[in-house]
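The lines below spell out each chain.
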Amino acid sequence: MSRVQTLTIVADDADQRLDRWLRRQFPHLGQGRIEKMCRKGELRVDGGRVKPATRLAEGQQVRIPPLPDPNAPKPEYDARISEADAKMIQSCVIYRDDHVIALNKPPGLPVQGGSKQARHVDGLADALRFGFEEKPRLVHRLDKDTSGVLVLARTRVAAKGLTAAFRHRATRKIYWAVVAGVPIPRMGTIKYGLVKAPGHGAKGEGEKMLCLHPREVDETPGAKHATTDYTLLEAAGSRTAWMALTPVTGRTHQLRAHMAEIGHPIIGDGKYGGSGQENLGDGWGAQLGGDISRKLHLHARSLQIEHPVTRAILNLTAPLPKHMAHTWDTFQWQPGEAPDNPFEDWG
């Protein structure tokens with residue numbers, strides 16, 4: 001580490017942004033480090049706190065705190081992350097630039113830590129720095145057993161923009177699922193409200209969402225309106241179907257609860273569809289049996305979102321996980337033949 005330094009702004013450097021001037025003086029400094037020094041008050045101009053965008057004037061004194069040695073070797077990631085886990089999470093990257101990273105999250109890997117969960121995306125994100133000083137930040141979530149597109153922000157500015165896009169639903173999310181039976185009609189909208197049923201144990205393990213008729217939502221404490229659009233892409237007789245689902249709202253377990261409520265649970269969903277294979281009159285069971293995996297068949301196939309910095313439209317697509325790809329092969333369904341947006345002609 002260097003010592004505290006005080007540098008004087010000369011005429012040629014006047015009217016520059018503080019962060020740009022610093023990067024010229026110290027090329028090894030990242031934007032994230034500069035923003036952090038400003039937030040903590042370590043970086044000062046004429047003794048006062050400043051922001052990265054502060055304009056400098058000739059003669060001002062810039063106090064610079066101790067900086068890391070640019071020649072010191074930097075660890076690629078936290079030593080607590082095993083080499084195998086680092087390679088695994090890095091292999092999941094399907095898109096990367098200076099602001100955004102997108103993963104194809106594997107099924108079974110939680111996004112964040114929780115009850116009995118020590119290995120998760122947030123905990124492995126340090127292995128996704130790729131030269132940045134700070135690990136990327138989560139801006140949305142997927143269920144543990146749901147695979148597919150998961151976006152992380154590499155900078156604070158990107159995190160703010162992406163979080164706002166998800167909050168205001170300025171995204172187009174399309175999930176692929178395999179469900180028991182074939183819904184009739186083959187395309188439609190589900191509008192059941194959702195309310196959380198208490199789970200078991202001190203920390204509420206096993207929590208489950210219950211569906212309510214829309215007119216009951218406003219009079220039920222804790223209930224929220226929820227809307228899901230669905231359309232059939234392919235069927236295998238009357239036993240199972242490949243569906244495209246899009247959550248108009250973004251409630252916990254929304255797609256799983258909605259499909260189960262209309263009698264067509266997602267294959268592998270023991271929580272919402274049970275483990276049976278037979279239709280006993282109140283909906284199909286959530287297992288197909290035979291060679292089909294018992295894992296959840298729900299995949300965040302694609303995400304369309306505005307880039308938080310360039311404002312270009314990002315179209316991110318995630319290949320199917322192995323257990324779902326095997327199911328597609330079994331039923332001779334062709335992922336490449338599905339439309340990018342099967343809801344495009346909806347009013």
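The rules behind the values
In every chain, residue numbers begin from 1 and rise along the written sequence. A pLDDT threshold of at least 70 governs which residues receive local features in this predicted model, and a stricter bar of 80 or more applies before side-chain atom pairs are shown or counted, although totals over entire chains, interfaces and linings include all residues. Each side-chain value is derived from all of the structure's non-hydrogen atoms; neither hydrogens nor water enter the calculation. Ring pairs shown here join Phe, Tyr and Trp side chains whose ring centres sit within 6.5 Å, with only the six-membered ring taken for Trp; geometry is labelled stacked below 30 degrees between planes, edge-to-face above 60, and tilted in between. Only DSSP runs of H or I reaching four residues or more are called helices, and only runs of E reaching two or more are called strands; each is numbered from the N terminus. Think of it in three bands: with a 1.4 Å probe and only protein chains considered, a residue is buried below 20% of the maximum accessible area for its type, exposed above 50%, and partly exposed in between. For this analysis, residues touch if any pair of their heavy atoms sits within 4.5 Å. Residues forming no salt bridge and having over 30% relative accessible area are the ones grouped into patches, like charges within 9 Å of each other and nonpolar side chains (Val, Leu, Ile, Met, Phe, Trp, Tyr) within 5 Å. Surface accessibility follows the Shrake-Rupley procedure with a 1.4 Å probe radius. Residue values consider only the protein chains on display as shielding. Any carboxyl oxygen of Asp or Glu that lies within 4 Å of a side-chain nitrogen of Lys or Arg is treated as forming a salt bridge with it. For the purpose of charge, His is not counted, nor are the chain termini; Lys and Arg are scored as positive and Asp and Glu as negative. For this purpose, a charge sits on NZ of Lys, CZ of Arg, CG of Asp or CD of Glu. UniProt positions are given in the numbering used here, feature names are shortened, and annotations may be inferred rather than shown by experiment.

Caption draft 1: How the structure looks around the packing of aromatic side chains. This structure, assessed with the given rule, holds six aromatic pairs. Aromatic side chains W176 and W328 sit 6.1 Å apart centroid to centroid with 15 degrees between the ring planes, which places their arrangement in the stacked category. Highlighted residues: W176 in strand β9 (residues 171–180) and W328 in helix α9 (residues 322–331), separated in sequence by 152 residues. Since its relative accessible area comes to 4%, W176 is described here as buried. By relative accessible area, W328 is classed as buried at 1%. When the ring of W242 is compared with that of W328, the centres are 5.3 Å apart and the planes differ by 65 degrees; the resulting orientation is edge-to-face.

Caption draft 2: Molecular detail of the environment of V149. Structurally, V149 is set in strand β8 (residues 147–153). When its relative accessible area of 3% is taken as the criterion, V149 is described as buried. Note: C-alpha distance between V149 and S302 (153 residues apart in sequence) is 6.3 Å. Residues contacting V149, with those up to four places away along its chain left out, are I94, L103, H140, L142, A300, R301, S302, L303, L316, T317 and A318.

Caption draft 3: Summary view of a positive patch on the surface. There is a patch of like positive charges on the surface, built from R20, R23, R24 and R55. For R23, the location among the structural elements is in helix α1 (residues 18–25).

Caption draft 4: Just the environment of P70, in detail. Of note, P70 is situated in the loop between β4 (61–64) and α3 (83–91). Judged by its relative accessible area of 47%, P70 falls in the partly exposed class. Separated by 254 residues in the primary sequence, P70 and M324 place their C-alpha atoms 46 Å from one another.

Caption draft 5: Here's a closer look at the UniProt feature "active site" (unreviewed entry) in the protein. UniProt records the feature "active site" (unreviewed entry) at D143, using the numbering of this structure. The topology assignment puts D143 in the loop between β7 (137–138) and β8. Residue D143 is classed as partly exposed on the basis of its relative accessible area, which comes to 23%. Filtering out sequence-adjacent residues up to four positions away, D143 remains in contact with K105, H253 and R256.

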